[in-house]
Amino acid sequence: MDANGILQILIFIVLIVALTPLIGGFMARVFLGEKIILSPVLGPVERGIYRICGVVPEREQHWTAYALSVLAFSLLGVLTLYGLQRLQGLLPLNPAEMGAVAPDLALNTAISFVTNTNWQNYGGESTMSLLTQMVGLTVQNFLSAAAGIAVAVALIRAFARRQSRTVGNFWVDLTRTILYVLLPLCFVGA
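Residues numbered from 1 in each chain as written. Predicted model: local features only at pLDDT ≥ 70, side-chain atom pairs only at ≥ 80, totals over all residues. Heavy atoms only, no water.

(A) Spotlight on the side chain of Gln61. For Gln61, the location among the structural elements is in the loop between helix H2 (39-53) and helix H3 (63-87). Exposure remark for Gln61: the relative accessible area of 12% places this residue in the buried category. Those residues in contact with Gln61 that sit more than four places away from it in its chain are Tyr66, Ser69, Arg165, Thr166, Val167, Gly168, Asn169, Phe170 and Trp171. (Helix = DSSP H or I, 4+ residues; strand = E, 2+ residues; numbered from the N terminus. Buried < 20%, exposed > 50% of the residue type's maximum accessible area, 1.4 Å probe, protein only. Contact = heavy atoms within 4.5 Å.)

(B) Region of interest: the packing of helix H6 (residues 130-160) against helix H7 (residues 170-189). At their nearest, the axes of H6 and H7 sit 9 Å apart, and the two run at 120° to each other. One way to sum up the angle between H6 and H7 is to call them oblique. In terms of crossing hand, the pair formed by H6 and H7 is right-handed. Of the residues in H7, those touching H6 at Phe142, Leu143, Ala145, Ala146, Ala147, Ile149, Ala150, Val153 and Arg157 are Phe170, Asp173, Leu174, Thr177, Ile178, Leu182, Leu183 and Cys186. (Axes fitted to C-alpha atoms, helices over the stretch in contact; angles between N-to-C directions. Parallel < 35°, antiparallel > 145°, perpendicular 65-115°, else oblique. Left-handed = near helix turned anticlockwise from the far one by under 90°.)

(C) Molecular detail of the packing of aromatic side chains. Taken as a whole and judged by the stated rule, the model has four aromatic pairs. Their ring planes at 80° and their centres at 5.6 Å tell us that Tyr66 and Phe170 sit as a pair that is edge-to-face. Here the residue Tyr66 occupies a position in helix H3, and Phe170 occupies one in helix H7, the gap between them amounting to 104 residues. As far as the burial class goes, Tyr66 and Phe170 line up, both buried. Members of the aromatic cluster, connected to one another through ring pairs, are Tyr66, Phe73, Phe170 and Trp171. (Phe/Tyr/Trp six-rings, centres within 6.5 Å; stacked < 30°, edge-to-face > 60°.)

(D) Just the layout of surface pockets, in detail. Taken as a whole, the largest pocket encloses approximately 620 Å³ of empty space. Lining the largest pocket we find 28 residues, and of these Val30, Phe31, Leu32, Gly33 and Arg176 sit closest to its centre. Those elements that provide at least two residues to the lining of the largest pocket are helix H1 (3-31), H2, H6 and H7. Partitioned by chemical class, the residues of the lining of the largest pocket number 13 nonpolar, five polar and ten charged. (1 Å grid on protein atoms, 1.4 Å probe; cavity = no way out; pocket = protein on both sides within 12 Å on 5 of 7 lines; lining within 4 Å. Points joined across faces, edges and corners; volume = space filled by probe spheres on them. Nonpolar A, V, L, I, M, F, W, Y, C, P; charged D, E, K, R; others polar.)

(E) Representation of the packing of H3 against H7 in the model. Two elements in contact, H3 and H7, have axes separated by 9 Å at closest approach and are oriented at 55°. The orientation of H3 relative to H7 falls into the category oblique. Listed contacts from H7 to Tyr66, Ser69, Val70 and Phe73 of H3 are Phe170, Trp171, Asp173 and Leu174. When grouped by side-chain class, the residues that make up the contact of H3 with H7 number six nonpolar, one polar and one charged.

Pasting the structure below:
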């Protein structure tokens, strides 16, 4: 490795160490439900999502209910992505008129993207329609990251609250991850 490579690694490490307290503190406030700078704008959106979905944010879940919520969310993601791939020949935004993805490849891809491994055994533009790539794969990249962060938050809570019977609410953690963490990061990155 040359000096430039070593310098890049050192700069990366310094940036991570410098940003960890800022981003970690921000995320802690988000998941504790405290008011943050984005609350006036995103708070009504968050409450609206809870109302539409029937989520009671104050009602925490036992770890088994939390795990079942994660599994239900993931199963819905797998089925949706599988369906998009299998039906893409009938759906819009398919200018290349691609047919359905083979059942085994569709299932493999759906599970891979929902579990955030993103293993690909196909050529994206030669196998997937624009709709499948945008609404299926890209959305799952986002949602699987949000689900992973929510699970990490629940694990941290479980360690911190050893005597408690609850670990939070998956639907609240998922919503807050998307609204307050991932969307702002996307806007900053864009």
